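Here are the chains, one letter per residue:
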Amino acid sequence: MTTLTVEGLSVHYGGVRAAHDVSFTVEPGQSLGIIGANGAGKSSTLKAIMGLAPRQARTIRFGEHDLLRAPAHTLVRHGIGYVPEGRHVFPGLTVEKNLLLGAYTSSWKRTPIDEVFELFPVLGEMRGRLAGALSGGQQQMLAVGRAMMCRPKVMLLDEPSMGLSPKLVNDIAGVLKELNAGGLAILLVEQNAKLTFDVTTTCLVMENGEIAASGASAELSDDPQVRRIYLGL
Amino acid sequence: MKRLALIAIAAIAAWLLPYGLGGYAIHVADVAIIFAILAIGLGLTMGVAGQINLAQVAFFGVGAYTVAILTTEAGFGFWTASVLAVLTAVVFGVLVGIPALRMQSHYLGIVTLGLALAFTNWVTNAHIAGRAEGISDIPVPPMFGIVLSSGYLFYYVELIVFAIALAFALLVTRSPLGRRLRAMRDDDLAAGALGAEIPLLRMTAFVLSGLYGGLAGVLYAGLIRFVAPESFNIANMFLLLAMVIIGGRSSILGCVVGAVGLSLVREALLDASGYAQLGYGLVVVLVVVFAPKGLAGLPGQVRALLRKRTGGSRAQLGAFRPYDPVPASAEDVALDVREVTKRFKGLVALDKVSLTVPTGQIRGIVGPNGSGKTTLFNVISGFYDPTEGSVVLGGREATGMAPYRLSLLGVARTFQNLRLFEDLSVRENLLLALDRTRTTWIWRYPILPWKVLGYERKLHRRTAELLERFGLTEVADAEPRSLPYGIQRRIELARAMAMSPALLLLDEPAAGLNGEEVRQLADIVRSIRDSGVTVIIIEHNMGLVMSLCDRITVLSSGKVIADGPPAEVAVHPDVVAAYLGDSMAAPTEETAEAAVEEATR
Amino acid sequence: MQVFLQTLIGGVTFGAVYALVAMGFSIVYRTMGLVNFAHGSVVMIGAYAASTFYMASKLPFAVAVVVAIAVTALIGLVIERFLRPLENKDFTLMLIGTIGFGAVLEAGAVLVWGATGHAVPSPVATGPIDVAGIRIPTYSLLVIAVAAAATGLLALFLQRTKRGAAMQAVAMDHQAATAVGIHVGRSNAMAFAIGAGLAALAGSLIGPMLYVNPTMGGTLGIKGFAAAMLGGFGSMPGAIVGGLAFGLLDSFAAGNFQEYSELVTFLVFAVIVMIRPTGIFGEATVNRA
């Protein structure tokens, strides 16, 4: 089975410590959330797993694959989908091209593009439109859709709620729950605690680059620690 | 003392040099000095001020051709023509520099190169410039009855001009003007926020370029007494560039060494000029990749390597010495933001934001990602013009003022992701901020250079005091990037305070700091407030915000959703919702777009 | 009117070549943010390679051109590999590095082919076509057709192939491109090779119209660069429009100002980019000091 294992991960940018000694695992089909305030090191952790940030770690493994040694562009072949913070769709390319590029490492003749259009009908309607002309919410769906195109076993999402209206946040939550129910493991990094508690079963709380608390999502939502970190009380 | 001795030795050696040289060798030396002056000019514009100027050889040509035309066609005397020639070259410098006001880097490079080509095209074809044959019989420059046709005597004329030119260039680089030029090269936005008038500084760089080009041109006309287009073509521009890059573009002495060295090499390889050209090209490529600071930077590179091997020293931050408290003055308003709206391409980043900050307050600005906090800072500090609304500073209308003017009016800011000038030492970063003069102050450089030196000494004294106050004395001569992040944050704070501001804007000052550093930061900010400075602080560390701020303004989706004392704001239902993500008032798409806009700036 | 049309045809012909040079600049700039000042020298090498294979080896012109493209693509790969450590770091250094490469190529050309240069006979034997009193050289038509075909092929490659899409994706967002599995370094190298190939094509086409010599790269490169800038740096349609515009500017300046054409061309160019630094198709960037 393919479990994502992270042990002793630290991220430093120049002299700045963004994350320190972070460890967790994401079991197949599990949904794990990481919450925390801005700058707590959540995004850096995710980027480091993807090989997009300078990192040190004892272990980063996905099943039998050692991700510490794998060049960043090979991760997608092992079944790891990534939805970057701020969406990062390719603005000058059409919706369809964006999705197809999600399946860059496999044949373009047999892609799950129809499944993506089924999940996000609006993307189907706009398949010929440039991604840069989409609204924020549509871009977010496109980013999730693009990550689905590689038929991932686990999906890493970085702040998918950022800048979305409450209704769209609810929609995204629905989609993520649906995907998870279909067997896709999810690692969700979020500032929006409510969304995270809603989508995931287990949750980590990060503060100052370290894991400050962890537990079942349902219990954490009443934890005073979480309130302190978010509101300084 | 040691330096004076070195200068004396160099001067004596240069003075005695002709005695050991033959007639041809002295000619080579004369040409080398001319290239050295040219290289200083290019080093000042390109290395120090960061303006890609590929027209330096054209300025050289303008100087030489003006002398040639004025003496042969208009009957001027050599020295009268020379003065006019230098002035003409400076005017050309200004004209070629105008595009620099609108574009930088490769764009500027191509435009200046194009204008240089236009110049060669003109001299090759204009009758007055002698077309392809050039102009011969430029008169021998007279000097008190001495005939300067001898390469030996002309050497001394050149030597004196060179010495003055070098001394002036060193004065410029090691004083307030040079620091501002270098700051502009590294980060023109941050330099503007510190009070540097970028357009004027860019033009100054081109004036210097024209001045040195013109001087070199005059000497060339006097030495060779013949001008032709091929002396000023692109190939020579490349040679000059190679001199400056190999020598080290940001070091004036490096430029001189590169110019003299390459002149001699060129002379030695005259018979194999094809291979020599290949060699220069390869050396330039190698220098660019492996020794970006040229010969002048090699000692530093070696030192850095050694330091890495020995592990290096851990710099320590000293204690902060608090400011003397000033009794709070009457309640007046330091900053009044009135209904400010900022739109980017139809996206609303700030929506009718109003806030009033009384003098001597610490005001916190908080809000989720993309709520418009940094945009608000950018409006207050002049980086953005608000779409609507106004900003009033201490009763004075300040909407849409350029950052340097606001800086001189007492607005200082720090940046979310630290914008220290990486190639300047910690001390220089502070010197730069302490210099509160307008850029027009630089007229003193040619007229009253000793005043410049006096002012510089005064700045150094005040810098030492500031370094001590912020506990930075130990790291004063280090480059910021070599220091731990916590110290860099402290330096940025010290630099902002060096401007003696009335209003201090801190953008996430605690980001990346550890617990102890955050506590020190809080103490420093309180002391700054007690000294009478108004502080506005954007921060995500809510613990710090709650304990430090007198009052808090909460932004969400570009709107003010709450404003009040910390304890009141923290329990405000809208604030709780905005932070914890209850569906009540989550941020909208537009603000996130603005956040992206902000992040990609 | 006739003179005008005649100048127009000349301008379009040169413009087509400038457009090829500008497209080479743009594709490299777009994918890796590198402004290749050696591009002009690559054009020159292309011109030499094609004319040498054509004249000395008696290869058919078309084959000679293909060989020249292969040779320069290789040179492009070498330049990219060498300057890779500087990518996305120091713009000025990278720019100077490419100037250095330009000098190396130029000196190399002098060593291989001599400093004097040579004329290249037109590969098309038929005389000019006479249309309503205007003489259109057949070679001009060939140049325009080949340039158009190359542009079309490039557009097809970028729009219709996986690699083309990937190359554009890298240009837009290299991190996201990496995350979907694209090898950014390989994509960049390919962009560089294509850019150099376009330069070689431009060089081989312009060979029979000019005198092939080691310094031709300087002027051609600057003009191609200026064309790219005029159209808007990094934009493909911009490169085409900019190239044609610059060709016309060039040929009308030559018609009206004779020997001062270069002076006028560059002055006009400087004024235009002063007014609109981002070019015709360029994105507006905020630059406030």
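Residues numbered from 1 in each chain as written. Chains lettered and ligands numbered in written order. Predicted model: local features only at pLDDT ≥ 70, side-chain atom pairs only at ≥ 80, totals over all residues.

S.K.: For this particular structure, what's the right way to read the interface of chain B and chain C?
M.R.: Where the parts come together, the accessible area they lose is often given as the size of the interface. Every contact between the two is made by 38 residues of chain B and, on the other side, 38 residues of chain C. At the level of elements, α5 (105-125), α8 (188-193), α9 (198-224), α10 (234-247) and α12 (273-290) of chain B are the ones that each hand at least two residues to the side of chain B that touches chain C. For the side of chain B that touches chain C, the leading source of residues is α5 of chain B, giving 14 residues. Across the side of chain B that touches chain C, the residue classes break down as 26 nonpolar, 10 polar and 2 charged. (Contact = placed C-beta atoms within 7 Å. Helix = DSSP H or I, 4+ residues; strand = E, 2+ residues; numbered from the N terminus. Nonpolar A, V, L, I, M, F, W, Y, C, P; charged D, E, K, R; others polar.)

S.K.: Honestly, the environment of L355 of chain B in this entry has me stumped. Any pointers?
M.R.: All names here are of chain B. With respect to the helices and strands, the residue L355 is situated in strand β4 (residues 347-358). What makes L355 partly exposed here is the crowd of 19 C-beta atoms within 10 Å. Here the alpha-carbon distance between L355 and L240, two residues 115 residues apart in the chain, equals 55 Å. When sequence neighbours within four positions are dropped, the list of residues in contact with L355 reads V337, T553, V560 and D563. (Buried ≥ 20, exposed ≤ 12 C-beta atoms within 10 Å, placed from the backbone.)

S.K.: In this structure, what is going on with the packing of helix α3 (residues 56-72) of chain B against α5 of chain B? I would like to understand it.
M.R.: A packed helix pair is summarised by two numbers, namely the angle formed by the two axes and the spacing between the axes. Residue and element names in this part refer to chain B. Interhelical geometry of α3 versus α5 gives an angle of 30° and a closest axis separation of 9 Å. What the angle tells us is that α3 and α5 run roughly parallel. The two elements α3 and α5 cross, and the hand of that crossing is left-handed. The segment α3 lies against α5, with V57, A58, G61 and Y65 engaging L115, A116, F119 and V123. Its residues assigned to classes, the contact of α3 with α5 comprises 7 nonpolar, 1 polar and no charged. (Axes fitted to C-alpha atoms, helices over the stretch in contact; angles between N-to-C directions. Parallel < 35°, antiparallel > 145°, perpendicular 65-115°, else oblique. Left-handed = near helix turned anticlockwise from the far one by under 90°.)

S.K.: Just to check I follow, could you spell out the pairing of strand β10 (residues 534-538) of chain B for this structure?
M.R.: Sheet faces and side chains relate simply in a regular strand, where the side chains alternate between the two faces. Residue and element names in this part refer to chain B. Burial analysis of β10 places 5 of its 5 residues in the buried class, which makes it a mostly covered element. Burial of β10 is two-sided: the residues T534, I536 and I538 facing one way and the residues V535 and I537 facing the other way are all buried. Bridging between strand β5 (residues 362-366) and β10 involves 4 bridges; their strand directions are parallel. Residue pairing in the sheet places I365 in a bridge with I538 of β10. Both strand β9 (residues 503-507) and β10 contribute to a ladder of 5 bridges, which runs parallel. By the bridge assignment, L506 is partnered in β10 with I537. Of the crossover connections in this fold, the one passing from β9 over helix α20 (residues 515-530) to the parallel β10 is right-handed. (Pairing = 2+ DSSP bridges. Right-handed = clockwise from strand over helix to strand, strands pointing away.)

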